[in-house]
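What follows is the residue order along each chain.
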Amino acid sequence: MTDECDFRVTLLGTGVPVPSPERFGPSTLIEAGDQKLLIDAGRGATIRLYQLKVPIGRIDALLLTHYHSDHTCGIPDVWLTGWLESYFGTRKTPFRVIGPTGAVTLMSHLEQAYAADIKIRAADEKLPLEGIGISVTEYERDGVVYEKNGVKVVAFEVDHGDVIKPAYGYRIEFGGRVAVISGDTRYNPNVIKYGAGADLLVHEVAAARPELMKEAYVQRIIGHHATPREAGLVFAVTKPKLAAFTHVVQLASDRIPPPTLDDMVAETRQTYDGPLQIGQDLMCFEIGERITVRCY
Ligand SMILES: [Zn+2]
Ligand SMILES: [Zn+2]
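Here the residue numbering is sequential within each chain, running from 1 through the sequence in written order. Chains and ligands are labelled sequentially in the order written, the chains with letters from A and the ligands with numbers from 1. Since the coordinates come from a predicted model, pLDDT governs what is reported: local features require at least 70, and pairs of side-chain atoms require 80 or more to be given and counted, while whole-chain, interface and lining totals use all residues. As a convention, hydrogens and water are excluded, and side-chain values are obtained from all of the structure's heavy atoms.

1. Quick word on the nonpolar core
With 30 residues, the main nonpolar core has Val-153, Tyr-170, Ile-172, Leu-200 and Phe-285 as its most contacted residues. The criterion used for residue contact is that any of the two residues' heavy atoms lie within 4.5 Å. Ile-172 has contacts with Phe-7, Ile-30, Ile-39, Val-151, Lys-152, Val-153, Arg-177, Val-178, Ala-179 and Ile-181, leaving out every residue within four places of it along the chain. We call a set of buried Ala, Val, Leu, Ile, Met, Phe, Trp, Tyr and Cys residues a nonpolar core when their side-chain atoms join them within 4.5 Å. Only protein chains enter the accessibility calculation, which uses a 1.4 Å probe; a residue whose area is less than 20% of its type maximum is buried, one above 50% is exposed, and one in between is partly exposed.

2. A word on the coordination of the zinc ion (ligand 1)
Listed as protein donors to the zinc ion (ligand 1) are His-66 (NE2), His-68 (ND1), His-160 (NE2) and Asp-184 (OD); their distances from the metal cover 2.1 to 2.3 Å. Sodium, potassium and calcium take a 3.2 Å donor cutoff, other metals 2.8 Å, and in both cases only N, O and S atoms count; water is not among them, so sites may look incomplete. All geometry calls rest on donor angles, where a four-donor set with angles between 85 and 135 degrees is tetrahedral, four- and six-donor sets with opposite donors more than 155 degrees apart and all others between 65 and 115 are square planar and octahedral, and all else is irregular. Geometry at the zinc ion (ligand 1) is irregular, judged from its 4 donor atoms and the angles of 92 to 164° they form at the metal. Mapping the donors of the zinc ion (ligand 1) onto the primary sequence gives the spacing H-x1-H-x91-H-x23-D. Separating the zinc ion (ligand 1) from the zinc ion (ligand 2) is a gap of 3.1 Å, bridged by Asp-184, which donates to each. You can see His-66 sitting in the loop between strand E4 (61–63) and helix H2 (69–72) and its partner Asp-184 sitting in the loop between strand E10 (177–181) and helix H6 (189–194), a full 118 residues away along the chain. In this pair, the class of His-66 matches that of Asp-184, namely buried. The secondary structure listing takes helices from DSSP runs of H or I that are at least 4 residues long and strands from runs of E that are at least 2 residues long, numbered from the N terminus.

3. Here's the deal with the sheet that holds strand E9 (residues 168–174)
What makes two strands pair is DSSP finding at least two bridges between them. Overall, mixed pairing links the 7 strands, which are arranged E7-E8-E9-E10-E11-E12-E13 in an open sheet. The sheet is open, and its two edges are formed by strand E7 (143–148) and strand E13 (276–278), each paired on a single side. This sheet shows a mean twist of 20° between the axes of neighbouring strands, independent of strand direction. Here 3 bridges tie strand E12 (residues 242–250) to E13, and the two strands are oriented parallel to one another. Among the inter-strand pairings, Ala-243 is bridged to a residue of E13, identified as Leu-276. Helix H8 (residues 228–238) rests against strand E11 (200–207), E12 and E13 of the sheet, and its axis sits at about 160° to E11. Packing against the sheet, helix H9 (residues 261–268) makes contact with E11, E12 and E13, and its axis sits at approximately 130° to E12. Here the axes come from fitting lines to C-alpha atoms, over the contacting stretch only for helices, and the angles between their N-to-C directions go from 0 to 180 degrees.

4. Looking at H8
Every buried residue of H8 is listed here: Pro-228, Ala-231, Gly-232, Val-234, Phe-235 and Thr-238. In an axial view of H8, the angular spread of the buried residues amounts to 160°, which keeps them on one side of the axis. Packing partners of the buried residues in H8 comprise H6, E11, E12, H9 and E13. Backbone geometry just downstream of H8 places Lys-239 in the positive-phi region, at approximately 50°. What the arc describes is the spread of directions from the helix axis to the C-beta atoms.

5. Here's the deal with the coordination of the zinc ion (ligand 2)
Ligation of the zinc ion (ligand 2) by protein atoms is provided by His-71 (NE2), Asp-184 (OD) and His-247 (NE2), these donors lying 2.0 to 2.1 Å from the ion. On the accessibility criterion, His-247 (5% relative accessible area) is buried.

6. What about the side chain of His-225?
Assignment of secondary structure puts His-225 in the loop between helix H7 (216–222) and H8. Exposure remark for His-225: the relative accessible area of 9% places this residue in the buried category. Throughout this description, a polar contact denotes any pair of N or O atoms lying within 3.5 Å of each other; where both atoms belong to protein, one of them has to be capable of donating a hydrogen while the other can accept it, and for residues adjacent in sequence the pair is counted only when both atoms sit in side chains. Within the local environment of His-225, its side chain forms a polar contact with the side chain of Glu-204, the two groups lying 2.5 Å apart. Not counting residues within four places of it along the chain, the set of residues in contact with His-225 comprises His-160, Asp-184, Thr-185, Arg-186, Glu-204, Ala-206, Glu-230 and His-247.

7. As for unusual backbone geometry
In this chain, Lys-165 is followed by Pro-166 through a cis amide linkage whose omega measures -5°. Inspection of the secondary structure assignment puts Pro-166 in the loop between strand E8 (151–157) and E9. Positive phi values are uncommon outside glycine, yet Lys-126 reaches one of about 55°. Tracing the chain through its elements places Lys-126 in the loop between helix H5 (115–124) and strand E6 (134–139). Even without a glycine there, the phi angle at Asn-149 is positive, about 45°. In this fold, Asn-149 is placed in the loop between E7 and E8. Asn-149 gets classed as partly exposed once you look at its relative accessible area, which sits at 47%.

8. Side note on the pattern of salt bridges
Each reported salt bridge corresponds to a side-chain nitrogen of Lys or Arg within 4 Å of a carboxyl oxygen of Asp or Glu. Taken as a whole and assessed by the stated rule, the structure comprises 16 salt bridges. The salt bridge involving Asp-60 is made with Arg-58; its shortest N-O contact spans 3.0 Å. Judged by relative accessible area, Asp-60 falls into the partly exposed class, the value being 23%. Residue class for Arg-58 comes out partly exposed when judged on its relative accessible area of 30%. In this structure, the salt-bridge partner of Arg-121 is Asp-117, at a minimum N-O distance of 2.9 Å.

Worth remembering: the numbers are spatial, not functional.
As C-alpha cells, then:
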C-alpha cells in the first residue's frame, strides 16, 4: 500500500451467499488516518485482511449493515482469530461492534457459543481476557455512529425489502472527502440523500438474463436488490467521482447462464454515463484529489 493516501476503501469480499473462491462474502475495509474500520464480515474476511497484511486485531470497529448471514458469518473469525497472540491477531482491547438493532443479541450469543474456546485459550495461552471482550453499540435511526480522530461515520437506512429490516448503509467522511457504501438495498432515495457529495459511491447490484427474470424466485431476489439500471439512476443523480459495484449478484439456473459483467455494465449505461468500476476482491480505492484504483 502506498503511504501518500490516507483514505482508502478496499473491497475484501464482493460476493453474496454463493461460496465462490473468487468473490468472498461481503466485507469492506475502510482505512482513514489511523483508523481501520470493517463494514460487514462475510465469509473469508480474515483471509483478505491477512493478504493485505492488516493484523485482524488492528480493526478499530466492525460496522454491520444488516443481519443476513452472508454479511455476518465471518464475525466469529474476525473476533476470535484477532485475539490470538500471533502477528496476524494481537487485539488487546475489546472488539468494538456497531450495528442496527440486533447487534447485542448476535454478539452475546457468539460469546456463549465460543465460551469454551475463550476459557481454554485464556488458561492455556494466557491471552488477555480484555482482548476477547466485546463492546457493542446499537442504533435505530439515521445518524452519526462513529467519530474518532477525524473520521466520521453516518448510518442511513436503506430498503432491502419489506421484511429484511433493519438494513443500513454507511457514509464515511474524512479530511473533506466522502465514501458511501450502500449496503444491501433496492433503489432507494436515502442512498441519493446520503450519497450527496460522495467522492466514491459503492453500490450493491443484482442482475439476471431476461429469460430468467420470469422465474418467481428470481423476481423475489432481484426485488431485494438494485438492478444495474437502478444503481445507475442513483449514480446519475449523486455524480460521484467514481461509482463502483460490490455485492455482485449474477443469477443463473441450470439452463440459463448468469449475465456477464459486460452485460451489467451495458445495462448500467442505460441510465449512467460517468466513471464506473465493477468491484473485485482486494480492489482498493485511494481517495485523494483523484481516486486511484489498485488491485492487490
Ligand atoms: Zn442482504
Ligand atoms: Zn447481501
